[in-house]
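Listed below, chain by chain, are the residues.
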Amino acid sequence: MTRIYFNEVVTRDGFQIEPNFIATDDKIALIDALSQCGYAKIEATSFTSPKAIPMLRDAEEVMGRITRVPGVEYTVLVPNLRGAERALESRADELNLVMSTSETHNLANLRMTREQSFASLAEVVRHVDGRTPINVSLSTCFGCPMEGDVPQAVVEQFAQRFADLGVRGLTICDTTGMAHPAQVSRMVEALQQQLPHTQLTLHFHNTRGMGLANVLAAVQGGITRLDGSLGGLGGCPYAPGASGNICSEDAIHMLDAMGYDTGIDLTKLLNVARHLPAIVGHDVPGQVAKAGRITDLHPAPAYASELKG
């Protein structure tokens, strides 16, 4: 069965909109625990302005103190040239750049037009000049809560422009939780044909309950790389109502049950997931950590044996 590679984003995407600052020691301990679970990548933090995202103001310390496990790539979000410089100094394994395919969402989120964002990110790509692999996350690829439909042709156009710059990978993001499986199937078929040598990752939200259905559509369409967030934490502050990335452990459990090789030690991961509510101070959306795996059986009640006679 196909090998699926997971990228864990909880300590960046998940933590960035938490109401209370997560202690640096807790972030480091969580990344170190996740590093033992078999992830292909962990998006550890973001080198944005501390004023913009105060929850991740400890990016340098986090990157400097984590225990790096061979085979795991530690990727970081960078918004601009200054962020890229900080990330390079912190020895990030991959730089993740971001812009939106929706003009209105890009203006709300990044305070720039799409063309201004593209020019700024292209400058980062040229400056890095192959020293570190670059991934570009394209937001709102499946819809914008302010504009509505984002034409697939627009997504394809920006994907091609970044591929032409030589980036290693592209993440196609359902930032607003508006995707549905048929739409996902069309998108992944087109992009794989268009960019056969680009590392494609899909990033879904479960805002409207279709997250795992969209994961399945992507995987059945040939996608082998997925983002997920432990416990289903995260969301976009500029996408009204779009809280909640897909839950990593729930998606991995589903694919494992179907016979896919995720490379993840699910027993270890569920143990980490069960500690997450204590770290963030509230319940989290993930289900499998609460209910257990479908293979976790329970003893029958005593009266059932009596009824059997």
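Our structure's up above, just so we're on the same page.
Quick notes on the rules
- Residues numbered from 1 in each chain as written.
- Predicted model: local features only at pLDDT ≥ 70, side-chain atom pairs only at ≥ 80, totals over all residues.
- Heavy atoms only, no water.
- Axes fitted to C-alpha atoms, helices over the stretch in contact; angles between N-to-C directions.
- Helix = DSSP H or I, 4+ residues; strand = E, 2+ residues; numbered from the N terminus.
- Parallel < 35°, antiparallel > 145°, perpendicular 65-115°, else oblique.
- Left-handed = near helix turned anticlockwise from the far one by under 90°.
- Contact = heavy atoms within 4.5 Å.
- Core = buried A, V, L, I, M, F, W, Y, C linked by side-chain atoms within 4.5 Å.
- Buried < 20%, exposed > 50% of the residue type's maximum accessible area, 1.4 Å probe, protein only.
- Arc of directions from axis to C-beta.
- 1 Å grid on protein atoms, 1.4 Å probe; cavity = no way out; pocket = protein on both sides within 12 Å on 5 of 7 lines; lining within 4 Å.
- Points joined across faces, edges and corners; volume = space filled by probe spheres on them.
- Nonpolar A, V, L, I, M, F, W, Y, C, P; charged D, E, K, R; others polar.
- Salt bridge = Lys/Arg side-chain N within 4 Å of Asp/Glu carboxyl O.

What follows covers the packing of helix α9 (residues 211-220) against helix α10 (residues 248-257). Look at α9 against α10: their axes get within 10 Å of each other, and the N-to-C directions meet at 50°. Relative to α10, α9 is oriented oblique. Taken as a pair, α9 and α10 cross one another with a handedness that is right-handed. Residue-level inspection shows Leu-212, Val-215, Leu-216 and Val-219 of α9 in contact with α10, the latter providing Asp-250, Ala-251, Met-254 and Leu-255.

Attention shifts here to the environment of Thr-48. Relative to the helices and strands, Thr-48 resides in the loop between β2 (41-46) and α3 (59-65). Between the C-alpha atoms of Thr-48 and Ile-17, which are 31 residues apart in sequence, the distance is 13 Å. Those residues in contact with Thr-48 that lie beyond four places of it in its chain are Ile-53, Pro-79 and Arg-86.

This brings us to the nonpolar core. Counting residues in hydrophobic clusters, the biggest one holds 88 residues, and the most contacted among them are Leu-95 and Leu-226. If we ignore the near neighbours within four places in the chain, the residues touching Leu-226 are Ile-4, Tyr-5, Phe-6, Asn-7, Thr-201, Leu-202, Phe-204, Val-215, Val-219 and Leu-255.

Okay, helix α11 (residues 266-273) next. Note on helix geometry: an α-helix contains 3.6 residues per turn, so any two residues three or four positions apart are oriented the same way. By the burial criterion, the buried members of α11 are Leu-266, Leu-269, Leu-270, Val-272 and Ala-273. Seen from one end, α11 has its buried residues packed into an arc of 160°, which puts them on one side. Among the structural elements, α2 (24-35), α10, α12 (276-280) and α13 (288-291) are those in contact with the buried residues of α11.

Turning to the layout of surface pockets, a few remarks are in order. In this approach the atoms are scanned with a rolling probe the size of a water molecule, which exposes any empty space left behind. For the largest pocket, the calculated volume is near 870 Å³. If you go around the largest pocket, you meet 39 residues; those closest to its centre are Gln-16, Ile-53, Leu-77, Asn-109 and Leu-110. Of all the secondary structure elements, the ones that give two or more residues to the lining of the largest pocket are α1 (10-14), α4 (81-89), β4 (94-100), α5 (103-110), α6 (114-128) and β5 (134-139). Considering only residue class, the lining of the largest pocket consists of 16 nonpolar, 16 polar and 7 charged. Roughly 300 Å³ of volume is contained in the second largest pocket. Lining the second largest pocket are 21 residues, with Asn-206, Gly-231, Gly-232, Asn-245 and Pro-285 positioned closest to its centre. A class-by-class count of the residues in the lining of the second largest pocket yields 7 nonpolar, 12 polar and 2 charged.

All right, on to the pattern of salt bridges then. Summed over the entire model, instances satisfying the criterion amount to 13 salt bridges. Residue Glu-94 is joined to Lys-41 by a salt bridge in which the shortest nitrogen-to-oxygen separation is 2.8 Å. Of this pair, Glu-94 sits in strand β4 while Lys-41 sits in strand β2, and the two are 53 residues apart along the sequence. According to the relative accessible area criterion, Glu-94 is buried, its value standing at 2%. Given the relative accessible area of 6%, Lys-41 is considered buried. Across the pair Glu-94 and Arg-168 runs a salt bridge, and its minimum N-O distance is 2.7 Å. Within this pair, whereas Glu-94 is found in strand β4, its partner Arg-168 is found in the loop between α7 (152-165) and β6 (169-173), the two being separated by 74 residues in sequence. Taken together, the salt bridges that share partners define one network made up of Lys-41, Glu-73, Glu-94 and Arg-168.

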